[in-house]
Amino acid sequence: MSVFRRSIHIRDCDVAVNRALRPSCLFSMLQEASIDHTEQLGAGRSKTLDRGYLWVLARQNVMISRLPVYGEDVILESWPGEMMHILFPRYYRILDTSGECLLSASAIWSLISAETRNIVFPEIAGIKVPGTVTGNEIPLPSGIRRQETTVSREFTVPYSYTDINGHMNNIRYLDEAENMIPEFAGRLSLREIAVDYSHEICRGERMAISLGISDSCCYFSGDGERHYFSVLLKYNNDF
Amino acid sequence: MKREEVSEIIKKIIYDCVPDSVPEDITDDTVVNTDTAIDSMGFILVICRCEAELGVKVPERRWQKLSTFGDLVDEFMRQLEKTKK
């Protein structure tokens, strides 16, 4: 069984004013664990990036009991699920020092060609990631249904938001969503985060980021020439 | 498994995976794979979920032939029939 484990100390720069881990920082931790573990499993840089293949995140879902807080030490676990054709599922948990599970996550990764930006079949790329079953898996992310939005702003992807893949990094979508969160929602506790990365967006490209609020959810959508992403934040308390 | 049962299973999976990509009343003629170049993550997720739910595999070489909901149902019925033999 191959489960990646990493000890993490929650720093001041990782948290918001409510001292809870910010969603974008959480996603950054999950992303780095994915990359590092994939490297350990032999499907890292020399097999992918250096050969013109890019790992991209398609969907991610996080179920939260509570977010880690400033000063806390936690354990991040991650493991790959069984490959499904061109899809690479991955699972995550964050545990506190007593072993209590604070949150669980699932994600769907795939490989694309750096040149054509099309999905690559793993057999063609010579990539295989053996799956592990721990019994702690949560369901893979479902699609996020589009919702009515009431607020919208224009956004142009700055250079500093782009990553090694040449497009806006996954965590930046969370940053931009958080920037639109109403102040009162920022004081509530999150219970679920869902993200659909529908299409990449690159430096200089523009999209309208829209927000819709209903019941205990904030829904964000990035749209321009195409639909770029959806984010759904669900809270424990009704608005 | 009857075609109606398979149809309902696939329909539920489609609504779950790609809730905004299809109308509320899916028929056999409803186009579910708008990108036959197999770049549609949603369509691929549907295939994978259907495979897991129905316990059969659809070869990747057949994906490009699957455009409508009816095509999907027929293909999974075909694969289910194969497992009986």
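Shown above is the structure to which this text applies.
Everything in this summary refers to the structure shown in the same document.

1. With respect to the nonpolar core
Here is step 1: Core analysis: the largest hydrophobic core is formed by 60 residues, its most contacted members being Leu26, Phe27, Val62, Ile193, Met207, Phe220 and Leu233 of chain A.
Here is step 2: With 37 residues, the next largest nonpolar core counts Val6, Ile14, Val22 and Leu80 of chain B among its residues.

2. Regarding the packing of helix α1 (residues 23-40) of chain A against helix α3 (residues 170-178) of chain A
All names here are of chain A.
Here is step 1: It is the contact of α1 with α3, at a shortest axis distance of 8 Å, that shows an interaxial angle of 170°. What the angle tells us is that α1 and α3 run roughly antiparallel. Residues Pro23, Ser24, Phe27, Ser28 and Gln31 of α1 touch α3, and the partners they reach there are Asn170, Ile171, Leu174, Asp175 and Glu178.
Here is step 2: Broken down by class, the residue content of the contact of α1 with α3 amounts to four nonpolar, four polar and two charged.

3. Quick notes on the packing of aromatic side chains
Here is step 1: In the structure shown here, the tally under the stated rule is six aromatic pairs over all chains.
Here is step 2: Geometrically, the ring pair formed by Phe121 of chain A and Trp63 of chain B is tilted, given 6.3 Å between the ring centres and 45° between the ring planes. Taken together, the residues span two chains, with Phe121 of chain A in the loop between β5 (101-113) and α2 (122-125) and Trp63 of chain B in the loop between α2 (41-54) and α3 (69-84).
Here is step 3: Residue Phe121 of chain A is classed as partly exposed on the basis of its relative accessible area, which comes to 21%.
Here is step 4: Residue Trp63 of chain B is classed as buried on the basis of its relative accessible area of 0%.
Here is step 5: Ring plane angle 35° and centroid distance 5.9 Å describe the contact between Phe155 of chain A and Tyr161 of chain A, whose orientation is recorded as tilted.
Here is step 6: By relative accessible area, which is 8% here, Phe155 of chain A ends up buried.
Here is step 7: Classification of Tyr161 of chain A as buried rests on a relative accessible area of 15%.
Here is step 8: By way of ring pairs, the aromatic residues Tyr173, Tyr197 and Phe229 of chain A are connected into one cluster.

Cut-offs applied
- Residues numbered from 1 in each chain as written.
- Chains lettered and ligands numbered in written order.
- Predicted model: local features only at pLDDT ≥ 70, side-chain atom pairs only at ≥ 80, totals over all residues.
- Heavy atoms only, no water.
- Core = buried A, V, L, I, M, F, W, Y, C linked by side-chain atoms within 4.5 Å.
- Buried < 20%, exposed > 50% of the residue type's maximum accessible area, 1.4 Å probe, protein only.
- Axes fitted to C-alpha atoms, helices over the stretch in contact; angles between N-to-C directions.
- Helix = DSSP H or I, 4+ residues; strand = E, 2+ residues; numbered from the N terminus.
- Parallel < 35°, antiparallel > 145°, perpendicular 65-115°, else oblique.
- Contact = heavy atoms within 4.5 Å.
- Nonpolar A, V, L, I, M, F, W, Y, C, P; charged D, E, K, R; others polar.
- Phe/Tyr/Trp six-rings, centres within 6.5 Å; stacked < 30°, edge-to-face > 60°.

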